[in-house]
There are 2 protein chains.
Amino acid sequence: MEDTKTRILDAAERLLSERGFTAISLRAVTAGAGVNLGAVNYHFQSKKALIQAVFARRLEPLNRRRLAALDACEARAAGKPVPLEELLHAFLGPVMKPDGAGAGFVQLMGRMYTEPSLDVRRVFSAEMGKIAQRFISAFRRALPELPPEELFWRLLFTIGAMAQTLGAGLLLHFISGGICDPSDLEGIEKRLIRFAGAGFRASAGDARGKKRAARVRVS
Amino acid sequence: MEDTKTRILDAAERLLSERGFTAISLRAVTAGAGVNLGAVNYHFQSKKALIQAVFARRLEPLNRRRLAALDACEARAAGKPVPLEELLHAFLGPVMKPDGAGAGFVQLMGRMYTEPSLDVRRVFSAEMGKIAQRFISAFRRALPELPPEELFWRLLFTIGAMAQTLGAGLLLHFISGGICDPSDLEGIEKRLIRFAGAGFRASAGDARGKKRAARVRVS
DNA sequence: GTCTATATGGGGATAGAC
DNA sequence: GTCTATCCCCATATAGAC
């Protein structure tokens, strides 16, 4: 039997990924955890602090794995730019392969990107700030001809594609009629890397936008 | 002075795009609208019905515009497949150019894709179901060699990129350090079409995923 | 550390005067 | 149609017994 603190964190994580911050009550959390209502205010100080702890528990190791993967890529590259697809894998892989965290982890990550609560955003921003610069520098080196502004947008597109995928049970159901398997995280990551990789390599374009849209071929 | 019903819808839309379904109270809505608390239960029957009305008010004309744009594309194509970028424009354009709706519209659309509330999802799914098949058929014709499963995933990636962009003030701030302008909707749409267009055209790949990642060139 | 009981406030919904 | 007052429930947080 895990200790009370962990049980609370687990239950909160599950409910949070399903319903979001404001929709869950401490009563629901403690009932799900099989512990007493008072325990949450003993181990954490407030609902806010509990939610921040839930996210922090996953974000810290996640970003450690991301940085470790980036380190490994750069060591392999031996001074040369890291190939684009390896960078994408270093960034996306740790999210898609949670390595022993609960099943709710992936959905939780998806929710974090879209959670409107300021408290959640604060802890999320703090953690992301630690890794953003390293990855952006690496992407710049991999795509030296892409204007920085365009690079940022494409990173945002990629993150959005990832977040949507993690959170999507709904859309997938309607769009695919059920032929897509949202539980195949490895397959999804490969598809996403392929999609985003091609997107990153598209020409940056000009002010006239879509009329000069790239004609792309695959060798 | 607009009528009470409209004022309530407007206030609810603004608050909803900022904070989400469960976080807003009818008291906050009526205070923001400058109307009485009882009015919301007179004009609508419940909070749930109000929120559904908020989304439906925007979704219906949005999807009408999408279908009209698709109709125009297919008329121009005269029986041939509609080019991919035109399809993307027909789908994304009406979201990015709200045509006189309030400023909160774009954020509201972003939130709709990530809202966990079942009530919201229900109205959203109902509206999307009406246009999904038409667009999917058109995409299939534009990309006849792409396996259906892959097409669905790439559509989901594109929708995710769009939703993230619409909702993102947070990530953009951190990632770009402020050089990206989230209010330039037309520019964003062009960038997104370019990115997604290249992603759709990437080779479908095989089971080994990233190791055979496409080498893409632009003509 | 754990549980019960409770303080305090806010929520949605409604009844009924005007 | 609009406003006020109110019912009743549920929320977070805490105090204090064990």
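Just so it is clear, the model here is predicted, and its values are computed rather than measured.

Engineer: Would you mind showing me how to read the domain arrangement of chain A here?
Structural biologist: Often, the extent of an interface is quoted as the loss of accessible area upon association of its parts. Residue and element names in this part refer to chain A. Domain parsing of chain A yields domain 1 (1-45) and domain 2 (60-218). Taken together, the six residues of domain 1 in the interface contact eight residues of domain 2. Where domain 1 abuts domain 2, roughly 630 Å² becomes buried across the two surfaces, and 58% of that area is made up of carbon and sulfur atoms. For domain 1, the biggest contributors to the area lost against domain 2 are Glu-13, Ser-17 and Phe-21; these three give 75% of the whole. Taken together, domain 1 and domain 2 are joined by zero salt bridges. Taken together, the connections running from domain 1 to domain 2 amount to three residue pairs in polar contact (both at pLDDT 80 or more). Its residues assigned to classes, the side of domain 1 that touches domain 2 shows two nonpolar, two polar and two charged.

Engineer: Any chance you could explain the protein's contact with DNA strand D here in plain terms?
Structural biologist: Contacts to DNA strand D come from Ile-24, Ser-25, Leu-26, Arg-27, Leu-37, Asn-41, Ser-46 and Lys-47 of chain A together with Thr-4, Asn-36, Tyr-42 and His-43 of chain B. Within 4 Å of the protein, the contacting atoms of DNA strand D are drawn from sugar and phosphate to the extent of 65%. Between Thr-4 of chain B and DNA strand D, the recorded distance is 3.2 Å, taken from a side-chain N or O atom to a phosphate oxygen. Take His-43 of chain B: an N or O atom from its side chain is 2.9 Å from a phosphate oxygen of DNA strand D. Put simply, the parts of the chain that give the surface near DNA strand D at least two residues each are α2 (26-33) and α3 (37-43) of chain A together with α3 (37-43) of chain B.

Engineer: I keep staring at the packing of helix α5 (residues 84-96) of chain B against helix α8 (residues 148-167) of chain B and nothing clicks. Help me out?
Structural biologist: In a pair of packed helices, the angle between the axes and the distance between the axes together describe the arrangement. All names here are of chain B. At a minimum axis separation of 12 Å, α5 and α8 run at an interaxial angle of 20 degrees. In terms of orientation, α5 lies roughly parallel with respect to α8. Of the two elements, α5 crosses α8, and the hand of that crossing is right-handed. On the side of α5, the interface is formed by Leu-88, Phe-91, Leu-92, Val-95 and Met-96, while α8 contributes Thr-158, Ile-159, Met-162 and Leu-166. Taken together, the residues of the contact of α5 with α8 break down into eight nonpolar, one polar and no charged.

Engineer: Is there a simple way to explain the packing of helix α8 (residues 148-167) of chain A against helix α10 (residues 185-201) of chain B in this structure?
Structural biologist: At a closest axis distance of 10 Å, the pairing of α8 of chain A and α10 of chain B adopts a crossing angle of 70 degrees. As the angle between them shows, α8 of chain A and α10 of chain B are arranged roughly perpendicular. As α8 of chain A packs across α10 of chain B, the resulting crossing turns out to be right-handed. Facing Glu-149, Glu-150, Trp-153, Arg-154, Phe-157 and Thr-158 of chain A of α8 of chain A, the residues of α10 of chain B in contact are Ile-188, Arg-191, Leu-192, Arg-194 and Phe-195 of chain B. Across the contact of α8 of chain A with α10 of chain B, the residue classes break down as five nonpolar, one polar and five charged.

Engineer: Explain the protein's contact with DNA strand C to me, please; I cannot follow it from the model alone.
Structural biologist: Taken together, Thr-4, Asn-36, Tyr-42 and His-43 of chain A together with Ile-24, Ser-25, Leu-26, Arg-27, Leu-37, Asn-41, Ser-46 and Lys-47 of chain B make up all the residues around DNA strand C. A distance of 2.8 Å is found between a phosphate oxygen of DNA strand C and a backbone nitrogen or oxygen belonging to Leu-26 of chain B. Taking Arg-27 of chain B, its side chain carries an N or O atom lying 2.8 Å from a base nitrogen of DNA strand C. Listing elements by their share of the surface near DNA strand C, those giving two or more residues are α3 of chain A together with α2 (26-33) and α3 of chain B. Grouping the amino acids of the surface near DNA strand C by side-chain chemistry returns four nonpolar, six polar and two charged.

Engineer: What am I meant to see in the environment of Arg-66 of chain B here?
Structural biologist: Residues and elements named next belong to chain B. As for its placement among the helices and strands, Arg-66 is situated in helix α4 (residues 47-77). Considering only alpha carbons, one finds Arg-66 and Ala-56, 10 residues apart in sequence, at a separation of 15 Å. In this view, Arg-66 contacts Ala-90, Phe-91, Pro-94, Val-95, Tyr-113, Met-128, Ile-131, Phe-135 and Met-162; residues no more than four positions away in its chain are not counted.

Engineer: Hey, could you run me through unusual backbone geometry in this one?
Structural biologist: A positive phi angle, near 55 degrees, is found at Ala-78 of chain A, a position not held by glycine. Summarising the element assignment, Ala-78 of chain A is placed in the loop between α4 (47-77) and α5 (84-96).

Engineer: Just to check I follow, could you spell out the nonpolar core for this structure?
Structural biologist: Here is a general trend for soluble globular proteins: nonpolar side chains tend to be buried in one another's company. Leu-50 and Phe-200 of chain A together with Leu-50 and Phe-200 of chain B are the most contacted members of the largest nonpolar core, which totals 143 residues. If we skip the residues at most four places from it in the chain, Phe-200 of chain A touches Leu-84, Leu-88, Phe-139, Leu-143, Leu-146, Leu-151, Arg-154, Leu-155 and Thr-158 of chain A together with Phe-195 of chain B.

Analysis parameters
- Residues numbered from 1 in each chain as written.
- Chains lettered and ligands numbered in written order.
- Predicted model: local features only at pLDDT ≥ 70, side-chain atom pairs only at ≥ 80, totals over all residues.
- Heavy atoms only, no water.
- Domains from an automatic or database assignment.
- Contact = heavy atoms within 4.5 Å.
- Buried area = accessible area lost by both parts, 1.4 Å probe.
- Salt bridge = Lys/Arg side-chain N within 4 Å of Asp/Glu carboxyl O.
- Polar contact = N/O pair within 3.5 Å; in protein donor to acceptor, adjacent residues only side chain to side chain.
- Nonpolar A, V, L, I, M, F, W, Y, C, P; charged D, E, K, R; others polar.
- Near = heavy atom within 4 Å.
- Helix = DSSP H or I, 4+ residues; strand = E, 2+ residues; numbered from the N terminus.
- Axes fitted to C-alpha atoms, helices over the stretch in contact; angles between N-to-C directions.
- Parallel < 35°, antiparallel > 145°, perpendicular 65-115°, else oblique.
- Left-handed = near helix turned anticlockwise from the far one by under 90°.
- Core = buried A, V, L, I, M, F, W, Y, C linked by side-chain atoms within 4.5 Å.
- Buried < 20%, exposed > 50% of the residue type's maximum accessible area, 1.4 Å probe, protein only.

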